[in-house]
Amino acid sequence: MADAAVEGTVLHYEEAGQGEPMLLLHGGLGTALLHWWRDIPFYARYFHVVAPDMRGYGRSSPPRDFPPNFYQRDAGDMAALLRATGAHPAHVVGWSDGGVVALILTVMHPELVRTLTVVGGEARITPGERAIWPVLIDYSTWSEGALRRFQDAQGPLNWPGILERMLDGYNEVLNVHGGEVISARLPEIRCPTLIVHGAGDPTVPVTHAHDMHRAIAGSRLHIYPDTGHLPHREHEDDFRERVLAFVTSSQKEAV
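Here the structure is a predicted model, which means the values were calculated and not measured.

### Concerning the overall build of the chain
Okay, so step 1: Of the regular secondary structure elements, the chain holds 10 helices and 8 strands.
Okay, so step 2: Whereas a compact globule of 255 residues would reach a radius of gyration of roughly 18 Å, the chain reaches 17 Å, a difference of no more than 12%.
Okay, so step 3: For the C-alpha atoms alone, the extent of the chain along its principal axes is close to 50 × 40 × 35 Å.
Okay, so step 4: Of all 255 residues assigned to the chain, the portion counted as buried reaches 55%.
Okay, so step 5: Counting only contacts in the chain whose residues sit at least 6 apart along the sequence, the fraction spanning at least 24 positions is 73%.
Okay, so step 6: Of the charged side chains in the chain, 21 are positive and 31 negative, and the gap between their average positions amounts to 3 Å.

### A few points about the sheet that holds strand β1 (residues 2–6)
Okay, so step 1: If you trace the 8 strands from one edge of the open sheet to the other, you get β1-β2-β4-β3-β5-β6-β7-β8, paired in mixed fashion. Here the strands that pair on one side only, and so sit at the sheet edges, are β1 and β8 (220–224). Ignoring which end each strand starts from, the neighbouring axes of this sheet average 20° apart.
Okay, so step 2: Bridging between strand β7 (residues 193–198) and β8 involves 5 bridges; their strand directions are parallel.

### Examining the pairing of β1
Here is the key point about a regular strand: its side chains alternate between the two faces of the sheet.
Okay, so step 1: Relative to strand β2 (residues 9–16), β1 is paired through 5 bridges, and the arrangement is antiparallel. Residue pairing for β2: A5 is matched across the bridge by V10.
Okay, so step 2: What sits between β1 and β2 in their antiparallel hairpin is a turn of 2 residues, with E7 showing a positive phi close to 50°.

### As for the pairing of β7
Okay, so step 1: The buried fraction of β7 is high, at 6 of 6 residues.
Okay, so step 2: Burial along β7 is two-sided: the face carrying T193, I195 and H197 and the face carrying L194, V196 and G198 are both buried.
Okay, so step 3: Relative to β7, strand β6 (residues 113–119) runs parallel, the two sharing 4 bridges. By the bridge assignment for β7, T117 is matched with L194.

### A word on the packing of helix α3 (residues 70–85) against helix α4 (residues 97–108)
Okay, so step 1: Contact pair α3 / α4: the axes reach a minimum separation of 8 Å and the direction vectors enclose 65°. Relative to α4, the element α3 is oriented roughly perpendicular. In the crossing of α3 with α4, the sense of the turn from one axis to the other is right-handed. Touching F70, Y71, Q72, D74, A75, M78, A79 and L82 of α3 are D97, V100, V101, I104 and L105, all from α4.
Okay, so step 2: Its residues placed into classes, the contact of α3 with α4 shows 10 nonpolar, 1 polar and 2 charged.

### Considerations on unusual backbone geometry
Note: most residues except glycine have negative phi, and most peptide bonds are trans.
Okay, so step 1: That bond from P62 to P63 is cis: its omega, 10°, falls within 30 degrees of zero.
Okay, so step 2: Positionally, P63 belongs in the loop between β4 (48–52) and α3.
Okay, so step 3: Put simply, H88 and P89 share a cis peptide bond, and its omega is -5°.
Okay, so step 4: Structurally, the position occupied by P89 is in the loop between α3 and β5 (90–95).
Okay, so step 5: Backbone geometry at E7 places phi at a positive 50°, although glycine is not the residue there.

### A few points about the nonpolar core
Okay, so step 1: One finds L23, Y71, L103 and L105 to be the most contacted residues of the largest nonpolar core, which totals 58 residues.
Okay, so step 2: Contact partners of L103, with chain neighbours within four places excluded, come to L116, V118, E122, A123, I182, L186, I189, M212 and I216.
Okay, so step 3: In this structure, F47, W95, V243 and L244 belong to the second largest nonpolar core, which totals 22 residues.

### Side note on the pattern of salt bridges
Okay, so step 1: All chains considered together, the criterion is met by 15 salt bridges.
Okay, so step 2: As a salt-bridge pair, R114 and E20 come within 3.6 Å of each other at their nearest N and O atoms. Remark: E20 occurs in the loop between β2 and β3 (21–25) and R114 occurs in strand β6; sequence separation between them is 94 residues.
Okay, so step 3: Of the charged contacts, one joins R240 and D39 as a salt bridge, the two residues approaching to 3.2 Å between their closest N and O atoms. Here the residue R240 occupies a position in helix α10 (residues 236–254), and D39 occupies one in the loop between α1 (32–36) and α2 (40–43), the gap between them amounting to 201 residues.
Okay, so step 4: Bridged by salt links that share partners, the residues R38, D39, R233, E236 and R240 form one connected network.

About the criteria used
- Residues numbered from 1 in each chain as written.
- Predicted model: local features only at pLDDT ≥ 70, side-chain atom pairs only at ≥ 80, totals over all residues.
- Heavy atoms only, no water.
- Helix = DSSP H or I, 4+ residues; strand = E, 2+ residues; numbered from the N terminus.
- Rg over C-alpha atoms; globule rule 2.2 N^0.38 Å.
- Buried < 20%, exposed > 50% of the residue type's maximum accessible area, 1.4 Å probe, protein only.
- Contact = heavy atoms within 4.5 Å.
- Lys, Arg positive; Asp, Glu negative; His and termini not counted.
- Charge placed at Lys NZ, Arg CZ, Asp CG, Glu CD.
- Pairing = 2+ DSSP bridges.
- Axes fitted to C-alpha atoms, helices over the stretch in contact; angles between N-to-C directions.
- Parallel < 35°, antiparallel > 145°, perpendicular 65-115°, else oblique.
- Left-handed = near helix turned anticlockwise from the far one by under 90°.
- Nonpolar A, V, L, I, M, F, W, Y, C, P; charged D, E, K, R; others polar.
- Core = buried A, V, L, I, M, F, W, Y, C linked by side-chain atoms within 4.5 Å.
- Salt bridge = Lys/Arg side-chain N within 4 Å of Asp/Glu carboxyl O.

Right under this line is the structure:
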């Protein structure tokens, strides 16, 4: 584990392994260890893994806030982190909000991204998604253990309050930008891209995956049937091997 001062903040990140760099981006309300703790040691067998807590989350200079441009800010932070650590061009893997950040990073800083894997992500927010957001922050449905792990990971500067701030941030993206994040610029992506999604994802509808696949030339699409918003957990072994095979094949094609 290490810290890096970038873009006026301090980012904490987990680091393991050797080889070509791989950047793992967690989802909203997460941290590297909350969302990728079982994946970091697997990928570290093959790559130099860098897995940050994004700005304000976990050990990265809390509290976390959500201005209307928070996705773009996170992508800028990730670009600065990759440059500060020399971990580029990287194989970038992002889940949920991390997938959104990965898309922006790839568009805005293509020289830093070797391959892109988007898991349960989207390039725009649609009004219909508002209905699920209150459910996402209803921690009364969480197990006692899950809530304790979340509170411990986020710390007293984020808890309580981070759930409501995130919901306000999503609403601001819709209110200020009409939900547009980076969808209009997806055709600019030229690196090898894998899109993974659950067919029954209640949080980010699977239509987003198909839209991204159509927009990104040469992208690969895998939809897991009967799967929700956690394909990397619901199909853990298959997911890891699928990403590894994608990255490995892309490495061979680049030689």
